[in-house]
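Below, each chain spelled out in residue letters.
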Amino acid sequence: MAPLAYSPTMVLSRGWAVFLTGVGVWTWVIWPRFALAIWNDPRSWSSGVVGDWPATGFLWVHALLIGTSLAIGTTVGLLGVRAWQAARRRTP
């Protein structure tokens, strides 16, 4: 098994840069809509009435899932944008 090597720079193709940027955009298109659906779901509220606190574990678990997914998607999207910019600088 070959040892892992460290490289201070990583080169991604433009195709991968576009893909990563697309994943970031896709994340911001899909997850906020899902958050709205979870908010409006009666299972999210202890009384079954939307917005009537306290919220149930159903809402909190999904809020954590949505927040984490948005954070990861944002990171991936920004990496894609940076890779695209780097690819443009390399091209004469």
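Residues numbered from 1 in each chain as written. Predicted model: local features only at pLDDT ≥ 70, side-chain atom pairs only at ≥ 80, totals over all residues. Heavy atoms only, no water.

K.L.:
When you look at the overall build of the protein chain in this model, what are you seeing that I'm missing?
P.N.:
When helices and strands are tallied, the protein chain shows two helices and zero strands. Of all 92 residues assigned to the protein chain, the portion counted as buried reaches 21%. Within the protein chain, contacts between residues at least 6 apart in sequence are counted, and of these 53% link residues at least 24 apart. For the protein chain, the computed accessible surface area is about 6,900 Å², with 72% contributed by carbon and sulfur atoms. (Helix = DSSP H or I, 4+ residues; strand = E, 2+ residues; numbered from the N terminus. Buried < 20%, exposed > 50% of the residue type's maximum accessible area, 1.4 Å probe, protein only. Contact = heavy atoms within 4.5 Å. Areas by Shrake-Rupley, 256 points an atom, 1.4 Å probe, with all protein chains shown as cover.)

K.L.:
Mind showing me how you'd approach helix 1 (residues 14-39) here?
P.N.:
What sets the pattern is the α-helix's 3.6 residues per turn: residues three or four places apart point alike. Given a rise of 1.5 Å per residue, 26 residues ought to cover 38 Å, and the 38 Å separating the end C-alpha atoms of helix 1 matches this to within 8%. Among the residues of helix 1, A17, L20, G24, T27 and I38 are the ones counted as buried. (Expected span 1.5 Å × (residues − 1).)

K.L.:
Even after reading the chapter, I still don't get the packing of aromatic side chains, so can you show me in this structure?
P.N.:
Each aromatic ring pair is characterised by the separation of its centres together with the angle its planes make. A full pass over the atoms with the stated rule returns six aromatic pairs. Seen from their ring centres, W31 and F34 are 5.4 Å apart, and the 85° between their planes marks the pair as edge-to-face. With a gap of three residues between them, W31 and F34 both fall in helix 1, about one helical turn apart. Residue F34 is classed as partly exposed on the basis of its relative accessible area of 30%. An aromatic cluster of three or more residues is present, and its members are W39, W45, W53 and W60. In this arrangement the basic side chain of R14 is found over the ring face of W84, its NZ or CZ atom lying 5.4 Å from the centre. (Phe/Tyr/Trp six-rings, centres within 6.5 Å; stacked < 30°, edge-to-face > 60°. Lys NZ or Arg CZ within 6 Å of the ring centre and 35° of its normal.)

K.L.:
For this particular structure, what's the right way to read a nonpolar patch on the surface?
P.N.:
Taken together, the side chains of V25, W26, V29 and I30 present a nonpolar region at the surface, about 400 Å² in accessible area. For V25, the location among the structural elements is in helix 1. (Patch = residues over 30% accessible without salt bridge, like charges linked within 9 Å, V, L, I, M, F, W, Y side chains within 5 Å. Salt bridge = Lys/Arg side-chain N within 4 Å of Asp/Glu carboxyl O.)

K.L.:
Sorry if this is basic, but what is going on with the pattern of salt bridges here?
P.N.:
Should the charged atoms of two oppositely charged side chains come close, the side chains can pair. Inspection of every chain in the model, using the stated rule, returns one salt bridge. The closest approach of N and O atoms between D41 and R43, which form a salt bridge, is 2.6 Å. For D41, a relative accessible area of 15% translates into the label buried. Taking the relative accessible area as the measure of exposure, R43 reaches 55% and is therefore exposed.

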